[in-house]
4 protein chains.
Amino acid sequence: MIRVAVVGATGYTGSELLRLLVVHPHVELAAVTSRTEAGVAVATMFPQLRGHCSLAFCAPDLGQLGECDLVFFATPNGTAMTQVPALLQRGARVIDLAADFRLRDVAVWERWYGMTHACPELLAEAVYGLPELYREAVRTARIVANPGCYPTAVTLGFLPLLDAQVVDLTALIADVKSGASGAGRKASTNLLLAEAGESFKAYSVNGHRHQPEIVQTLAAVAGVQPTLTFVPHLVPMVRGIEATLYAPPVGDDALDLQAIFERRYQHEPFVDVMPPGSHPETRSVRGTNLCRLAVTVPSTSGVVVIQSVIDNLVKGAAGQAVQNMNLMFGYDETCGLCAVALAP
Amino acid sequence: MIRVAVVGATGYTGSELLRLLVVHPHVELAAVTSRTEAGVAVATMFPQLRGHCSLAFCAPDLGQLGECDLVFFATPNGTAMTQVPALLQRGARVIDLAADFRLRDVAVWERWYGMTHACPELLAEAVYGLPELYREAVRTARIVANPGCYPTAVTLGFLPLLDAQVVDLTALIADVKSGASGAGRKASTNLLLAEAGESFKAYSVNGHRHQPEIVQTLAAVAGVQPTLTFVPHLVPMVRGIEATLYAPPVGDDALDLQAIFERRYQHEPFVDVMPPGSHPETRSVRGTNLCRLAVTVPSTSGVVVIQSVIDNLVKGAAGQAVQNMNLMFGYDETCGLCAVALAP
Amino acid sequence: MIRVAVVGATGYTGSELLRLLVVHPHVELAAVTSRTEAGVAVATMFPQLRGHCSLAFCAPDLGQLGECDLVFFATPNGTAMTQVPALLQRGARVIDLAADFRLRDVAVWERWYGMTHACPELLAEAVYGLPELYREAVRTARIVANPGCYPTAVTLGFLPLLDAQVVDLTALIADVKSGASGAGRKASTNLLLAEAGESFKAYSVNGHRHQPEIVQTLAAVAGVQPTLTFVPHLVPMVRGIEATLYAPPVGDDALDLQAIFERRYQHEPFVDVMPPGSHPETRSVRGTNLCRLAVTVPSTSGVVVIQSVIDNLVKGAAGQAVQNMNLMFGYDETCGLCAVALAP
Amino acid sequence: MIRVAVVGATGYTGSELLRLLVVHPHVELAAVTSRTEAGVAVATMFPQLRGHCSLAFCAPDLGQLGECDLVFFATPNGTAMTQVPALLQRGARVIDLAADFRLRDVAVWERWYGMTHACPELLAEAVYGLPELYREAVRTARIVANPGCYPTAVTLGFLPLLDAQVVDLTALIADVKSGASGAGRKASTNLLLAEAGESFKAYSVNGHRHQPEIVQTLAAVAGVQPTLTFVPHLVPMVRGIEATLYAPPVGDDALDLQAIFERRYQHEPFVDVMPPGSHPETRSVRGTNLCRLAVTVPSTSGVVVIQSVIDNLVKGAAGQAVQNMNLMFGYDETCGLCAVALAP
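Residues numbered from 1 in each chain as written. Chains lettered and ligands numbered in written order. Predicted model: local features only at pLDDT ≥ 70, side-chain atom pairs only at ≥ 80, totals over all residues. Heavy atoms only, no water.

The name that an unreviewed UniProt entry assigns to chain A is N-acetyl-gamma-glutamyl-phosphate reductase, with the source organism given as Thiospirillum jenense. According to UniProt, the comment filed for chain A under the heading Pathway (unreviewed entry) is "Amino-acid biosynthesis; L-arginine biosynthesis; N(2)-acetyl-L-ornithine from L-glutamate: step 3/4." (UniProt positions renumbered as here; feature names shortened; annotations may be inferred.)

Laid out in structure tokens, this is it:
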């Protein structure tokens, strides 16, 4: 058993983390913090947790957090970086579900996130928590930067193509679509059901923070800087991300891409390469830590098309965080993450 | 006043056509046909028409149809082509909302639609009813092939780029998304609310019938055959199409694409080029014959990104058909098509 | 032509009013006010109005408003009452879409709305704008209190039963359901798509402000105070209200309730009594000013069950306001309100 | 470990049962039958089961089924009754998720279900599988009639009121609302997303098969026949039932209904009586076997109002079936049913 705290658990990544942690056999939930909700029972704010969690939110206390084995940050961007150094000193390990430790280049981070980084010296140490790429480093990490939701779906889709060096890296396109929970649990007019329901649109076409995160990982794999056009869209549903990825093939067009994908992910517990001709639906991963992929090369154009679906709150956030926790503390990587998707 | 019939009005394009025709000031609705529903009051099947339409469905009768000035076919693919020759002989003009007359190459048509064409000799005469491209030909046409929903959204988005010869035609990508009404009003398990609701997926990645239709039009404009990757998706909503189009620029990158789009569509009553930075939402055109467009070139990649939204049942079907009717009979092109979008 | 202003047009009732007014043949829109958005083009905030409205929001100016023939208030509760007296003095007439003038008993109003009324002396003069009940008074009114959305659906459903004195007034039940736009366009966490989507719940079971408004009208019709249990629910959709009403019958059970309903509403342009066995759907009135009703007496219990559907933003707000405007200025009551419902 | 078969697993209750059974620690899934899909891998039809179930559908075989410890029927009404007698003879026990064994009066059953019952002699033996009422009988039952979804939500809501004899049984009203999955996975035009999405309606107002089932149970508890008005509605969402129940109080109005409810369900693992003032949401039980209840007496009318929410596919079908299985075979009643609800 490890003692675990969740800092800032009033949003969707926080509540989803609680959903997974309260039934995890190796976790003792020591504290759930929220400045604004201190004193309120967690199950009052999140009735779905009635009967599963008797804690109340408490104000964050460095002493208490520092005594935990692991502290999750489910806070807005810019919060974890102010508290992580002190926690590391006290011996706690950290998984940040926000963006504070995702980019290695502090200048890029500060440009996209519009603030000064509080502990740039830790960026090099932080491990990007995509187990399919950095599993071994995660095991011993003190700081895990949990990937963003779009980057998880997009990176897992491009990875085998980059590994196999079979696509033109100067012309990658990621057309991604997310349910509304991806925007977080904040009162925002444009995310009201009456605004975002029964409608569809792109957003942030001119640039989105997840773009440099994806490019950083793809560059690390490919050894060169790729050119990526990344356009996110808002889907009138609650959960789920679908990414449709386009990449022009290079070289031998007799390549068996299906085999390349299956081989790359054959030992991955949470990546499912579906049979040729499949059309993965977001509901087929709802509530699970899975990424389901399909690869197609339409004969009309010859461009490689990858479909990638995840649950943005699970593999795209809280589930991947638990997967990282399992790795960090030597538990079975799939522990607490084996539920079947809720479909329909 | 013209006498008008609607053949096969039990689907969504048919009922939408009725919605528009019953309030059109120059239309006398002479017959609404359906073999299966003959004798049933139209307003019994479509309660939204109570008080607006007192007709009952009748079995199609060539004599009666032939006496109309205009016959709309809102039938499945393959029906109109069996009846159009006889109607033309009797002096009626025709707008087919299905695909029978959309492709000029009968071999291509027969390959994609899986049947033998009944009147290939009429394909050359039929006018593709996209007024923004073929307005003058529509005015005098005997047969108008009303464009498909995806082709309308995609073609209007690419058109100015092709006119201006500013993009690489060998690498066009159209990532398109449609509400469920685009699949028609047929009992199909995979379109049940409990299947398609709260989920998102691509479909027909390997090839979709709207691909050759789009390519035919783009080729006619560009003078060369473009290479297009076209991937449709199903959005958990009822109405609306959003197309996100990607095209690598060629030549002078100081081009003012916003000006190119605004100039191309400055006199078009149903194409709205939105200001730079816009993100058109499908609800902003709901129930209207409008296509709203936005053009962006994200600095991170330099690729041209076009967003295009329409209501699939209006500009993507029935509304465009009424626009064509207005042109064919010399009415104001916007007559009966001036409602404001229903948003929220 | 009349000169009309809309005060506080940044919410849903305001934008819906604009949708109807910009195409109304007898209306010149003189001003659209908003303190917070002054200077912003109306069509920038509401892209659906692009091409239909060239005004910008302006700060409310008593002089300008007072010169209008009619001022609509689409403001939060408590705003209209502070401005109406001055406007009346200047000769303008007023339709308030909020609740300020709906209740005749100022003590009841102040208890439910939690504030002191600014002009209680005008409550007796204000006409409750339900044309099906108070048509003649509306014609000459200076102040029309436009009914609430739930009260419109519920009152029109109960009215014929009360007129005919065929139900027990001590046991009325109204189980009502509304789409999310009924809660207004305000940033509220619990109305986010990710909160209210794919879920259903009752709310305000202990008491809702529309209860005294309904009871006041029913009492005026019945001559006695009825006892009403009123429970509202939130439906995961954008528009529409469905009210299921229950009333135990009294007296002769051979009564033909269908005939009673049809007779009561035979001359009403916006109330549609559907045939026996009907199940009115909210989409059958979407975007229209219609109320569709069905009456049933299930043999298992003998209780009278009324189904009533409206579009909460049209017959439940802006459309009824335009209907009242038509009455006040001697136009055809249905002018500008004849669109067919948008279904699907 | 018990050997278990699921007959007719291509619908929603069947696939939901598989979701629960494949991770149940005491279940060996011996056969999943479907005549129409025989030979197809279960995970091909239900991709959410990929990695969890390697069986293919097989044609039902009496020999194979008879060797199982337990056979679930997730078939249409009228199927189980033709096979159950033979299975009982071979020693298998049965849980029928359809309606074949729910009504004790064969005449009533035949009237509502429109067919002749194949084994009326077994109706008296079958146990109605509502553990909160018939737990002890379920333990030893050979045939469990798993309750309908509406009856579960409604009965659990009324039960404490009937036990305590505090309401007037001649005036019960149940206004119930269900997501679209409640109608099953059959190709039906009126359940298409494009028909049932973004709309709300009542249905079967004149009479629904779940009415006699509810009345039978309430009568058994109360000792007299109650009069119930039962009106179902279709909600534009996938899962979930909300029942709003109305009952006029009788006798002492100082009764503490909250205490009555809490006491009645204090030992029930799957019934959660929420605090006064609560508004249970269907999403708070999504994917779980829970029924959450709230009791209110609005001061304006004094009528008792109960809100009851369940997941129609879990507590309303497959979850309750697993709960019954656990009871029948001596496992912990909550085994395999402890997941936290998926919210948002």
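**Q** Hey, could you run me through the overall build of chain A in this one?
**A** Secondary structure summary: chain A contains eleven helices and 13 strands in total. Taken over the C-alpha atoms alone, chain A extends approximately 60 × 45 × 40 Å along its principal axes. By residue count, 65% of the 344 residues in chain A fall in the buried class. Intrachain contacts of chain A at a sequence separation of at least 6 include 71% that bridge at least 24 residues. Working note: accessible area of chain A is about 10,700 Å², and carbon and sulfur atoms make up 50% of it. For chain A, the distance from the average site of its 24 positive side-chain charges to the average site of its 31 negative ones is 5 Å. (Helix = DSSP H or I, 4+ residues; strand = E, 2+ residues; numbered from the N terminus. Buried < 20%, exposed > 50% of the residue type's maximum accessible area, 1.4 Å probe, protein only. Contact = heavy atoms within 4.5 Å. Areas by Shrake-Rupley, 256 points an atom, 1.4 Å probe, with all protein chains shown as cover. Lys, Arg positive; Asp, Glu negative; His and termini not counted. Charge placed at Lys NZ, Arg CZ, Asp CG, Glu CD.)

**Q** How do you make sense of the pattern of salt bridges when you look at a structure like this?
**A** As a working rule, side chains carrying opposite charge can pair if their charged atoms are close by. Overall, the coordinates contain 76 salt bridges over all chains when judged by the stated rule. Of the charged contacts, one joins B:R239 and B:E16 as a salt bridge, the two residues approaching to 2.7 Å between their closest N and O atoms. Highlighted residues: B:R239 in the loop between β9 (228-234) and β10 (241-247) and B:E16 in helix α1 (residues 12-21), separated in sequence by 223 residues. A salt bridge links C:E16 to C:R19; its shortest N-O distance comes to 2.8 Å. Taken together, the positions of C:E16 and C:R19, both in helix α1 (residues 12-21) and three residues apart, correspond to about one turn of that helix. On the accessibility criterion, C:E16 (0% relative accessible area) is buried. Exposure remark for C:R19: the relative accessible area of 11% places this residue in the buried category. (Salt bridge = Lys/Arg side-chain N within 4 Å of Asp/Glu carboxyl O.)

**Q** It is not clear to me how the packing of aromatic side chains should be interpreted in this structure. Could you clarify?
**A** The description of an aromatic ring pair rests on the distance of the ring centres and on the angle between the ring planes. This structure, assessed with the given rule, holds 14 aromatic pairs over all chains. Ring centres 5.6 Å apart and planes at 80° place the aromatic pair A:Y150 and A:F230 in the edge-to-face group. On the criterion of sequence distance, the pair formed by A:Y150 in helix α7 (residues 149-163) and A:F230 in strand β9 (residues 228-234) is long-range, its members being 80 residues apart. We classify A:Y150 as buried; its relative accessible area is 2%. On the accessibility criterion, A:F230 (3% relative accessible area) is buried. Ring geometry for B:Y128 and B:Y134: centres 6.5 Å apart, planes at 85°, overall edge-to-face. (Phe/Tyr/Trp six-rings, centres within 6.5 Å; stacked < 30°, edge-to-face > 60°.)

**Q** Sorry, what's going on with the UniProt feature "domain: Semialdehyde dehydrogenase NAD-binding" (unreviewed entry) in chain A here?
**A** Following the UniProt record, the feature "domain: Semialdehyde dehydrogenase NAD-binding" (unreviewed entry) maps to residues 3-141 of chain A here. Between the C-alpha atoms that bound residues 3-141 of chain A the distance is 17 Å, and the span itself is 34% helix and 16% strand.

**Q** Explain α7(A) to me, please; I cannot follow it from the model alone.
**A** Residue and element names in this part refer to chain A. Over its 15 residues, α7 runs 21 Å from end to end, which matches the ideal 21 Å to within 8%, given 1.5 Å per residue. The largest bend in α7 amounts to roughly 30° and is located at T155. Residue Q165 follows α7 closely and has a positive phi angle near 55°. (Expected span 1.5 Å × (residues − 1). Bend = angle between axes of the 7 residues up to and from the residue.)

**Q** It is not clear to me how the nonpolar core should be interpreted in this structure. Could you clarify?
**A** All names here are of chain A. Ranked by internal contacts, the top residues of the largest apolar core, which has 40 residues, are V4, V6, L17, L21, F72, I95 and M325. Of all the elements in the fold, those that place two or more residues in this core are β1 (2-7), α1 (12-21), β2 (27-33), α2 (42-45), β3 (70-73) and α11 (314-328). Split by domain, this core shows at least three residues from each of two domains, domain 1 (2-125) and domain 2 (150-312). Excluding its chain neighbours within four sequence positions, the residues that come into contact with L21 are V4, V6, V27, L29, F72, V322 and M325. (Core = buried A, V, L, I, M, F, W, Y, C linked by side-chain atoms within 4.5 Å. Domains from an automatic or database assignment.)

**Q** I keep staring at the UniProt feature "active site" (unreviewed entry) in chain A and nothing clicks. Help me out?
**A** All names here are of chain A. If you check UniProt for "active site" (unreviewed entry), the listed places come out as C149 in our numbering. Along the chain, C149 falls in helix α7. Look past the residues within four positions of C149 in its chain and what remains in contact with it is H210, I241, I310, N312 and G316.

**Q** Looking at this structure, I do not really get the interface of chain A and chain B. What am I missing?
**A** One frequently used descriptor of interface size is the decrease in accessible area upon assembly of the parts. Each partner contributes to the interface: chain A provides 46 residues, whereas chain B provides 46 residues. For the pair chain A and chain B, the summed buried surface comes to about 3,800 Å²; carbon and sulfur atoms form 56% of the total. Ranking the residues of chain A by area buried against chain B places A:E198, A:F200 and A:V205 at the top, with a combined share of 17%. For the interface between chain A and chain B, the tally reads four salt bridges. We note a salt bridge from B:K177 to A:D175, for which the minimum N-O separation is 3.2 Å. Across the contact surface, chain A and chain B share 26 residue pairs in polar contact (both at pLDDT 80 or more). Those elements that place two or more of their residues in the side of chain A that touches chain B are β7 (172-178), α8 (193-196), β8 (201-202), β9, β10 (241-247) and β13 (304-310) of chain A. For the side of chain A that touches chain B, a count of residues per class yields 21 nonpolar, 15 polar and ten charged. (Buried area = accessible area lost by both parts, 1.4 Å probe. Polar contact = N/O pair within 3.5 Å; in protein donor to acceptor, adjacent residues only side chain to side chain. Nonpolar A, V, L, I, M, F, W, Y, C, P; charged D, E, K, R; others polar.)

**Q** Any chance you could explain the relation of the copies chain D and chain C here in plain terms?
**A** Relating one copy of the chain to the other takes a rotation about an axis and a shift parallel to that axis. Superposing chain D onto chain C requires a rotation of 180° together with a translation of 0.0 Å along the rotation axis, leaving an RMSD of 0.0 Å. In symmetry terms, the pair is related by a two-fold rotation axis. Take the interface residues of chain D: 100% of them recur as interface residues in chain C, which is what a same-surface contact looks like. (Least-squares fit on C-alpha atoms with pLDDT ≥ 70 in both.)

**Q** Please explain the pairing of β10(B) as it appears in this structure.
**A** For β10(B), a buried count of seven out of seven residues is recorded, marking the element as mostly surrounded by other parts of the structure. Side chains B:I241, B:A243, B:L245 and B:A247 of β10(B) all project onto a buried face; the interleaved residues B:E242, B:T244 and B:Y246 project onto the opposite face, where all are buried too.

**Q** What am I meant to see in the domain arrangement of chain A here?
**A** All names here are of chain A. Domain boundaries in chain A define domain 1 (2-125) and domain 2 (150-312). One C-alpha centre belongs to domain 1, the other to domain 2; they are set 27 Å apart. Tallying the contact residues gives 15 residues for domain 1 and twelve residues for domain 2. Of the roughly 1,200 Å² buried between domain 1 and domain 2 on both sides combined, carbon and sulfur atoms contribute 53%. Together, Y12, R102 and W112 form the three largest contributors to the area buried by domain 1 at its contact with domain 2, with a combined 48%. Our count for the contact surface shared by domain 1 and domain 2 stands at two salt bridges.

**Q** What should I look at first to understand the pairing of strand β2 (residues 27-33) of chain D in this one?
**A** Put simply, side chains in a regular strand alternate between the two faces of the sheet. All names here are of chain D. Counting buried positions along β2 gives six out of seven residues, so the element sits mostly inside the fold. Pairing geometry for strand β1 (residues 2-7) and β2, over six bridges, is parallel. Its bridge partner being in β2, V4 is matched across the sheet by L29. What joins β1 to β2 is helix α1 (residues 12-21), and the crossover it makes is right-handed. (Pairing = 2+ DSSP bridges. Right-handed = clockwise from strand over helix to strand, strands pointing away.)

**Q** Before we go on, may I ask you to explain the side chain of C:Q48 in this structure?
**A** Mapped onto the secondary structure, C:Q48 falls in the loop between α2 (42-45) and α3 (62-66). Residue classification places C:Q48 among the buried positions, given a relative accessible area of 8%. A polar contact is formed between the side chain of C:Q48 and the backbone oxygen of B:A343, at a distance of 3.2 Å. Those residues in contact with C:Q48, other than ones at most four positions away along the chain, are B:S284, B:R292, B:V340, B:A341 and B:A343.

**Q** Whenever I open this one, the environment of B:P85 confuses me. Can you help?
**A** Secondary-structure assignment places B:P85 in helix α4 (residues 80-89). Considering only alpha carbons, one finds B:P85 and B:G184, 99 residues apart in sequence, at a separation of 26 Å.

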